[in-house]
Amino acid sequence: MMRLTLTYFACAAGAVFGGVPGMSLSAQNLPASPGRVNTATLTGKVMCGYQGWFAVPSDAINRGWYHYAMGGVLEPGRCKFDLWPDMSDMGDDEKYAAPGFVTASGEQAYLFSSQNRTTVVRHFRWMQDYGIDGVFVQRFASEVRGAGLTQFNNVLESCRAGARLHGRSYAVMYDLSGLKLGQTSSVIADWKMLVGTKKITNDPTYQRHNDKPVVAVWGIGFSDGRQYTLQECEALVDFLKNDTTYGGCTVMVGVPTHWRTLQGDAVADSLLLTICKKADIVSPWFVGRPHTLEAVSTHAEGVVVPDLAWCTYYGREYLPVVFPGFSWHNMKPESPMNLIPRLKGKFLWSQYYKYIGSGATMIYQAMFDEIDEGTAIFKCTNDPPVGASMFVDYEGQPTDTYLWLAGQGGRMLRREVALSDSIPPRSPADVEDRGEEHPQGFQLDQNYPNPFNPGTQIGYEIPEDTFVDISIYSLVGEKVATLVNRTQPAGRYRIAWDGMNEEGLKMPSGVYVGRLHSSSYCMSKKMVLIR
């Protein structure tokens, strides 16, 4: 294979990138695109639940401190979440001052908005950094109207952008909680809109399984007094699988822990089992079920193993749920703070170990951003605000501990590391640098692989806090895609380009130019895309 010679371009206002000699390159035996997940199958994947429901008063959706405030008012003593997000990576345009909340050192505390696309895309970058495959983007069926519909659509579009930019995947999950009798029709109408208007199942980053787009329906068969019926759920599953225009999906059903025995948290109705047989993937909800390390072992032996046997017998896939811990004291003061401790990651790792050892081939990680119930795995601080509201921290562990653990769990799932009940040792080589080092100068690396198909990655360094723009251009100077456009702290970074423009269209084979530009530096590299 011909080696592409590294070429630098001087940057000047109005400059046009020059051409290069013609090349004859074969796409055969190109190395796999680093970091880009295979969206054709769920097998071997860790998929996180992504709520995306946090909003602030300055959002266009006008829902106030949505999912932050108790009774619509956010102030110390009146919040409904137990983990405080680590905002240290965020740019100034992503930080929203939380009124009255200050740290022990007296510093103002900030929160994020899921309506800020920069933040959502950053979350997908974290997934890429730590090897997490993708997300189930939550759509709450009782809210797919008005401001709620706008909110969920904005988050979905941001997730699409994040998945495309950072080589992750996503799929839609409908949560039926809160629906009244006869309202499952709202899910059908919404799915028609997503498929017919937004064309999400045509998106190359949309997750598929068995050559069909995955769609999840959560909340079937719970014995907690839900008004919608199992008959409605069965009809919904039939629609998603069999409708000639909007069907043809791989359907995942989110069911109670005891779905198979029709006891406890499950309704005592055999129609639930019929629905599970009609679906393609069964995913029981385990959050809050095991409370201790010992209980995880008992749960694996008494629930997961026979569940897997049932699914194998009926030819269905099984997607068990793991969670890092649980706390919802600020939402429900009668519940103790830190109800299910994280044990510095041991509790989560034990679930990965036991469920994979039991035969699981895919994992649902609850949840990426769920700070309400203390199940979040994204970066949360060990220095939360002090005062009338109390918060759980990460027990002094690095704020990225659970992102890293989920990535390592995926490696164990795929047998890239040995199955072990011990958390693997962590070293700097386990993850890419994310700004912790302090480079001595600017640097733009040659992309790898190069030539590439379908995606490539670009490393770069900045020695100071500065605004950074990294964009892709054609050889005639036309901007194709913007990869980074924000202020970043000094450090080493890595970004992906999937060979698409900003409209999500595949660019043709050819030579492109990646350019890093800051207030005091500009450098470019040529890249070869082969279709």
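Above this note sits the structure.
Residues numbered from 1 in each chain as written. Predicted model: local features only at pLDDT ≥ 70, side-chain atom pairs only at ≥ 80, totals over all residues. Heavy atoms only, no water.

Draft legend 1. Quick look at the overall build of the protein. Looking only at helices and strands, the protein features eight helices and 19 strands. Relative to its length of 531 residues, the protein is compact, with a C-alpha radius of gyration of 24 Å against a globular reference of 24 Å. By the burial criterion, 56% of the 531 residues in the protein qualify as buried. Nonlocal contacts in the protein, meaning residues at least 24 apart in sequence, comprise 71% of its contacts between residues at least 6 apart. When the accessible surface of the protein is split by element, carbon and sulfur atoms take 51% of a total near 20600 Å². Separation between the mean location of the 48 positive side-chain charges and that of the 54 negative ones in the protein comes to 6 Å. (Helix = DSSP H or I, 4+ residues; strand = E, 2+ residues; numbered from the N terminus. Rg over C-alpha atoms; globule rule 2.2 N^0.38 Å. Buried < 20%, exposed > 50% of the residue type's maximum accessible area, 1.4 Å probe, protein only. Contact = heavy atoms within 4.5 Å. Areas by Shrake-Rupley, 256 points an atom, 1.4 Å probe, with all protein chains shown as cover. Lys, Arg positive; Asp, Glu negative; His and termini not counted. Charge placed at Lys NZ, Arg CZ, Asp CG, Glu CD.)

Draft legend 2. Representation of helix α2 (residues 146–166) in the model. Taking 1.5 Å of rise per residue, the 21 residues of α2 would be expected to cover 30 Å, and the 30 Å separating its terminal C-alpha atoms lies within 8% of that figure. Counting buried positions along α2 yields 15 of 21 residues, so the element is predominantly enclosed. Positive phi appears at Gly167, one or two residues downstream of α2, with a value of about 70°. (Expected span 1.5 Å × (residues − 1).)

Draft legend 3. Representation of the packing of aromatic side chains. In the structure shown here, the tally under the stated rule is 35 aromatic pairs. Ring plane angle 85° and centroid distance 6.4 Å describe the contact between Trp53 and Phe54, whose orientation is recorded as edge-to-face. Each of the two residues, Trp53 as well as Phe54, counts as buried. Judged by centre distance (4.8 Å) and plane angle (90°), the ring pair of Trp259 and Trp310 falls under edge-to-face. A residue pair is termed long-range when its members are at least 10 positions apart, and Trp259 in the loop between β8 (250–255) and α5 (271–278) and Trp310 in helix α6 (residues 293–313) qualify at 51 residues. For Trp259, a relative accessible area of 0% puts it in the buried group. (Phe/Tyr/Trp six-rings, centres within 6.5 Å; stacked < 30°, edge-to-face > 60°.)

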